[in-house]
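Geometric and topological summary
Chain by chain, the residues run as shown.
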Amino acid sequence: MDLKEIKAMPFAPFRRESMERWRVTVKEPVVDGERLLVVDFLENTACVSYKRETPSFRIVCAKKSREVKGITHEGKIQQKVLDSFRRFAGEYAMISPREEEALRRFLKAEKTRNHQLDNLCKWIERTRQEMKKRSMEERGELMDEDYRLCPEALPEGLIDYIRREVLPKDRVIIYKKGNVNGICTVCGTQVHARGRRFTQSAYATCPNCGARVSCVPEDGSSFAANYIENVVAVQKGTDGETVFFRQWLLHRDNSARWEHIEDFLQETVRYAIRGNKTAKWQKQGKESYYMRTERYELDEWTRWSDNRIYDGSYFFYPTGIEEALSGTAMQYADLEGYLEERGHNRNPIYFLEYHAKYPVIEFLWKAGYRNIVHNRIFGMDRENRNAILWERKKLKECFKFPLRILKLMPPEEWKLDDVQRANYLWKNYGERITDAEMRMALQSRTDVQNLTGAMPYAGIGKILKYIQKQTEKRKEEKGHTTYTLEGIIRAYRDYLRECEQLHFDLHDREILFPKDLVAAHDRTMEQVEFEKNKADQEKFQKAVEKLEKFAWSEGEFFIRPAREQMELTAEGKALHHCVGGYIRDMAEGETAIFFLRKVSEPDKPFYTLELQKKRVIQCRTEHNASYDRKPDVKKFVDMWMEKVVKKGGKKKAKEAAA
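Residues numbered from 1 in each chain as written. Predicted model: local features only at pLDDT ≥ 70, side-chain atom pairs only at ≥ 80, totals over all residues. Heavy atoms only, no water.

**Some points on the overall build of the protein**
Rules: Secondary structure elements follow DSSP: runs of H or I of four or more residues count as helices, runs of E of two or more count as strands, with numbering from the N terminus. Throughout this description, buried means an accessible area under 20% of the type-specific maximum (1.4 Å probe, protein chains only), exposed means over 50%, and partly exposed covers the range between. Working rule for contacts: check all heavy atoms of both residues, and any pair within 4.5 Å makes them a contact. Here the Shrake-Rupley method, with its probe set to 1.4 Å, supplies the accessible areas, and only the displayed protein chains count as covering residues.
A count of helices and strands for the protein gives 21 helices and 23 strands. Counting only C-alpha atoms and orienting by the principal axes, one finds that the protein spans roughly 110 × 90 × 70 Å. In the protein, which comprises 658 residues, the proportion classed as buried is 46%. For the protein, restricting intrachain contacts to residue pairs at least 6 apart in sequence, the fraction spanning at least 24 positions comes to 57%. For the protein, the accessible area works out to roughly 36500 Å², and carbon and sulfur atoms hold 47% of it.

This is the structure:
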């Protein structure tokens, strides 16, 4: 649907002192040989309670092509316009009989109480669902009803597998109230505690069979009180193309007899993969609360918008996998090798799903880069999620650097963090970095991004050798054992930043690579702080110069501005108030601080006065006591304000008097 002409049609809000929030106008232009319905919702700006919450918008309907679009007042096509219309479709709006009749003709509906707007809302929702379904079909997505392609019968041999593999690993005692009587799932008999009572989550020895078991209270909130474990099996759909991963909850048989295991199986989730598209349906929902999970049953299989695979523990039934995966992108996945991996979390569904989504996974796995695959499944964070171009189909296309760099380390040592490290170095150095330097950077496992400041002045190899030398130096010195490699790198990063602030020449090797990094870092820190204070002091002095015209003496008192930062600090300490915190405000010209003192004791703090916009904000002595309590001080301040401050200073006051 071409909306260029429609977007160009003007529409604007209006103002009318009434309670109607909207005025509805209807147009029926013909675009590309199709008559469209253009409905404008013009905002009544007089309704201040609603103002700007949802500004004027436009809805464009096409009956022939079964499309609907929302256009904002800025002329942008946005989904949220249709969402917002649904929220207030029941509100009353101003609409003329002609516009209402146009809506009725388009919708072929009878009259309604809300001038066809409710019928329009229903038509939009139906059309949006049709558009969504049509779009999913065009992209080859799994449809909402495709859960029916999953076989309903249990996989052959699943019951025997549960009896052989799952139940023997269920080693718990389900104890009753009182903590002394229970049923052992190992021997299947009722037992009585001897000595110590059964305690939740504690281990105990079964008094009957001697098995080491975990204690679980009957009807408790823990998962093990009601279930054994999740069980997952793979089956080919009835269409011969879709692969289903079916997940069951194995409920607990408190009698431990397990005569009919199928009666204790509850299918809760169906994951589906067709080509590289995935979907998920659930028959059970759950809400997680603090220390517990509430489960609730759904009336029917429900398509879940979140396709995330369950990453908890489950038993994976291996029989029939080859047949289910044959003819799919997952058929060559080394599932057996994946399940035998040690030292990693394992989730076979994720492993197979990524084979379907990203063909490069298969090549990475078979080439020995297994840590990278494990990182993709479980260890990928925001920083390295784009380290590899996963959508590419060949190894040489998925890496952002030449494949020869992969040979610098054995395949089994590579991780996603290393790939990201190599990406960064190649981006910043390119062909200028030697293989030896790249290998050193990779093997160091350091965060090379912290060394960016040195890269324009030296090769990464020299930088890393320097860092290593400094690390060893600090370890050899007593009292400096806390400096680790990463600590030295951070110190070097900060040192380089400080050198740039101080405009040091980093092309000078003695500056770029100081003999004692920590000592050099301490010196640059002090100098940066000194320069900062120096700049602040200069700013402070300029502010003071503007205030000198207000210095004045009369009788036994005189007043002058604070002339140094340290004076403010000393004044605050002497009089026990917080004027020392006004240094920055005074330097920025936001306030002015004056010292009021006795002529006989010019260096002794007496009163501190704050002036803003020729107005006394406060004038206080020890412990924040106000000058109002001293009539002679208040009289002096009032005279100063009248004779000097309000007249713009001493010079202008003298000119005015002359």
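**Describing unusual backbone geometry**
Notably, H576 is not glycine yet its phi reads approximately 60°, a positive angle. Tracing the chain through its elements places H576 in the loop between α18 (565-575) and α19 (583-587). For H576, a relative accessible area of 46% translates into the label partly exposed. The phi dihedral of K613 is positive, around 50°, even though this residue is not glycine. Secondary-structure assignment places K613 in the loop between β22 (607-612) and β23 (615-620). On the basis of relative accessible area, K613 is assigned to the exposed category, the value being 86%.

**Some details on empty space enclosed by the protein**
Defined as follows: Using a grid of 1 Å spacing that covers the protein atoms alone, one calls a set of points a cavity when a 1.4 Å probe fits there but cannot get out, and a pocket when the set is open and has protein on both sides within 12 Å along at least five of seven lines; lining residues are those with an atom within 4 Å of a point. Grid points are joined across faces, edges and corners, and a volume is the space filled by probe spheres set on the points.
In this structure the tally under the stated criterion is three cavities of 30 Å³ or more. Approximately 50 Å³ is the volume found for the largest cavity. In this structure, the largest cavity is lined by F245, Y271, A272, I273, T278, A279, N307, I309, I349 and E353. Top element by residues in the lining of the largest cavity is strand β15 (residues 265-274). It accounts for three residues.

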